[in-house]
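What follows is each chain in one-letter form.
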Protein chains: 2
Amino acid sequence: MSNTHHAVTAAALIIGDEILSGRTKDQNGGAIAEHLTAIGVALREIRVVGDETDDIVAAVKALSARYTYVFTTGGIGPTHDDITADAIGAAFGVPVDVDPRAVALMSPFYAERGIPFTSARMRMARVPAGAELIANTISAAPGFRLGNVFVMAGVPDVMRAMLEAVTNQLRTGPKLNAVSIVVAHAEGEIADLFAEHQARFRDVIMGSYPSFAGGCYRTELVLRCADGERLEAAREGLERALRQRAIL
Amino acid sequence: MSNTHHAVTAAALIIGDEILSGRTKDQNGGAIAEHLTAIGVALREIRVVGDETDDIVAAVKALSARYTYVFTTGGIGPTHDDITADAIGAAFGVPVDVDPRAVALMSPFYAERGIPFTSARMRMARVPAGAELIANTISAAPGFRLGNVFVMAGVPDVMRAMLEAVTNQLRTGPKLNAVSIVVAHAEGEIADLFAEHQARFRDVIMGSYPSFAGGCYRTELVLRCADGERLEAAREGLERALRQRAIL
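Visitor: Honestly, the overall build of chain A in this entry has me stumped. Any pointers?
Guide: In terms of helices and strands, chain A carries nine helices and eleven strands. With respect to the principal axes defined by its C-alpha atoms, chain A has extents near 70 × 40 × 35 Å. Here chain A, with 248 residues, has 46% of them falling under the buried criterion. Nonlocal contacts in chain A, meaning residues at least 24 apart in sequence, comprise 68% of its contacts between residues at least 6 apart.

Visitor: Would you take a moment to explain the interface of chain B and chain A for this structure?
Guide: Accessible area lost on assembly of the parts is the figure often given for the size of an interface. Chain B puts 51 residues into the contact, and the matching count from chain A is 51 residues. Residue assignment for the side of chain B that touches chain A shows that the elements contributing at least two residues are α1 (17–20), α2 (28–39), β2 (42–49), α6 (119–122), α8 (187–200) and β10 (205–213) of chain B. With eight residues, α8 of chain B is the single largest residue contributor to the side of chain B that touches chain A. Considered class by class, the residues forming the side of chain B that touches chain A number 17 nonpolar, 18 polar and 16 charged.

Visitor: Could you clarify how one ought to interpret the environment of R121 of chain B in this entry?
Guide: Checked against the element boundaries, R121 of chain B lands in helix α6. In this structure R121 of chain B comes out as buried when scored by C-beta crowding, with 23 C-beta atoms within 10 Å. Distance in space between the C-alpha atoms of R121 of chain B and P174 of chain B is 41 Å, their sequence separation being 53 residues. Excluding anything up to four places from it in sequence, R121 of chain B contacts G188 of chain A together with P78 of chain B.

Visitor: How should I be thinking about the relation of the copies chain B and chain A in this particular structure?
Guide: Two copies of a chain can be linked by a rotation about an axis combined with a shift along that same axis. With an RMSD of 0.0 Å, the fit of chain B onto chain A corresponds to turning through 180° and sliding 0.0 Å along the axis. In symmetry terms, the pair is related by a two-fold rotation axis. Proximity to the rotation axis, assessed at the C-alpha, singles out R47 of chain B in chain B; its C-alpha lies 2.2 Å from the axis. An overlap of 100% is found between the interface residues of chain B and their copies at the interface of chain A, pointing to a shared contact surface.

Visitor: Is there a simple way to think about the environment of G237 of chain B in this case?
Guide: Within the fold, G237 of chain B resides in helix α9 (residues 228–244). Taking the C-alpha atoms as reference points, G237 of chain B and R200 of chain B, separated by 37 residues in sequence, lie 9.8 Å from one another.

Visitor: Which parts of the structure should I look at to understand the packing of α2 of chain B against helix α7 (residues 156–166) of chain B?
Guide: Residues and elements named next belong to chain B. Two numbers describe how α2 lies on α7: the axes approach to 10 Å, and their chain directions differ by 25°. By the angle class used here, α2 and α7 are roughly parallel. Helix-helix and strand crossings are classified by hand; for α2 and α7 the assignment is right-handed. For the pair α2 and α7, the contacting residues are N28, A31, I32 and H35 in the first and P156, M159, R160 and L163 in the second. Its residues assigned to classes, the contact of α2 with α7 comprises five nonpolar, two polar and one charged.

Visitor: Whenever I open this one, the nonpolar core confuses me. Can you help?
Guide: In globular proteins that are soluble, nonpolar side chains generally tend to be buried together. Among the nonpolar cores identified, the biggest contains 101 residues, and V70 of chain A together with V70 of chain B are the most heavily contacted of them. Other than its neighbours up to four places away in sequence, V70 of chain B contacts A10, A11, L13, V60, L63, S64, N148, V149 and F150 of chain B.

Visitor: What's the story with the domain arrangement of chain A in this structure? I'm lost.
Guide: As assigned here, chain A comprises domain 1 (9–169) and domain 2 (177–244). For domain 1 of chain A and domain 2 of chain A, the distance between their C-alpha centres works out to 38 Å.

Visitor: What exactly am I supposed to notice about helix α4 (residues 84–92) of chain B here?
Guide: Owing to its 3.6 residues per turn, the α-helix aligns residues three or four sequence positions apart on the same side. All names here are of chain B. Of all nine residues making up α4, seven are buried, and the element is well covered by its neighbours. For α4, the set of buried residues is T84, A85, A87, I88, G89, A91 and F92. G93 occupies a position one or two residues after α4 and carries a positive phi of about 65°.

Visitor: Got a minute to help me understand the environment of F117 of chain B in this structure?
Guide: Residues and elements named next belong to chain B. Here F117 lies in the loop between α5 (100–113) and α6. For the pair F117 and V149, spaced 32 residues apart in the sequence, the C-alpha separation amounts to 28 Å. When residues no more than four places from it in sequence are discounted, the contact partners of F117 are M106, S107, Y110 and M122.

Visitor: How should I be thinking about helix α5 (residues 100–113) of chain A in this particular structure?
Guide: With 14 residues, α5 of chain A extends 20 Å from end C-alpha to end C-alpha; this agrees with the ideal 20 Å at 1.5 Å per step. Phi for G114 of chain A, located one or two positions after α5 of chain A, is positive at around 65°.

Criteria and thresholds
Residues numbered from 1 in each chain as written. Chains lettered and ligands numbered in written order. Predicted model: local features only at pLDDT ≥ 70, side-chain atom pairs only at ≥ 80, totals over all residues. Helix = DSSP H or I, 4+ residues; strand = E, 2+ residues; numbered from the N terminus. Buried ≥ 20, exposed ≤ 12 C-beta atoms within 10 Å, placed from the backbone. Contact = placed C-beta atoms within 7 Å. Nonpolar A, V, L, I, M, F, W, Y, C, P; charged D, E, K, R; others polar. Least-squares fit on C-alpha atoms with pLDDT ≥ 70 in both. Axes fitted to C-alpha atoms, helices over the stretch in contact; angles between N-to-C directions. Parallel < 35°, antiparallel > 145°, perpendicular 65-115°, else oblique. Left-handed = near helix turned anticlockwise from the far one by under 90°. Core = buried A, V, L, I, M, F, W, Y, C linked by C-beta atoms within 7 Å. Domains from an automatic or database assignment. Expected span 1.5 Å × (residues − 1).

The structure is reproduced here in structure tokens:
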């Protein structure tokens, strides 16, 4: 059961051939998931697409129409395979050009460090018309926000800095509280009891996460609810039921 | 640039609230990406959706229409939040019921280990009509294939066993060979040179992956091509160009 109590929803769009080839293991989707959950935004979908304009445009259009916010990562660097800014411009039907505000952020950063402001680096100052810049406290070249789409870097440290930078702009819903109970039994032993418990507490989101290591079954039962008292009642009831079956 | 030389394409559909909440970091998308790339199937998209029937059905329909194969992970366990089999049945418009072939695989496994075949475990034998089973060498409860959709477990070890089990059923395209060159420079220093090189070798897929650690820039330039000779020519040409600029 997803977080249907949340009014504020989001999707993450991870852009890059390197993820789809398996060469790079994506960390950004998980980091965005954790951050949004913590602040009370319900991440409903993650998509990974390659460095293809048509695929990026189609995904941005679909996701920005469906969710409150879209967070993209990747494809805003200086090389020829960095095409996200142009794809976002195409999705919104606006031109993309060098933005003097971006140049003003990057110039002093490069000057202080003796980094030449090459034409390749100038590509990183290209932003769709009407966008607001997103600060990059790590390496200066900014991300940007256009409508409900936040366009961030793919390098995880830079992505995280940009996500922090936009957090105070976000509308948020109720934060879900979570508790978990770990039992040394397989899911198959407790599934019926757990389903009955879910039926009794329909407003509490219940998930079950099995693992198997060192010859031992382990199942983590996670309960989530915005209302702390209801959550506590659900936890107590579940522990009682597990004890009656000698599982806890 | 994606792997446009490939005729055989795929999408991965990762199912589970725990990924979208950030509680669990997905490993399956990356493992599927690596495996498919190695055997010559081009992974074009990864989607993560929650434990919601409508979201799963919509994603399965969209992805199975668009790509040669779809690989799903998650939601085929014994608990009430395991709804993938029913969602796949709904997407294909076929009924889902306990499959005697699945029971025959699971019964002896449980009997040998003294594991009770509970009604919850019987849920794991529910398979859409017309599906072929996928062997599970780890914990018996099978996955299944319906049309071009392969439905696999979410537990990473079990997922990998199932992916291995279906590999000989897959049509494959040309495998891409890859070489990489690492330079101790920022992307912005080599982007122009790299773009010119891409323009000279349009049949070679070129990507650039920056990182920054311990105060040092590092960029990995990756070249990919099914044709080994063309790849070698591209590599030599790029190394020569980098040396001329004293970057290598």
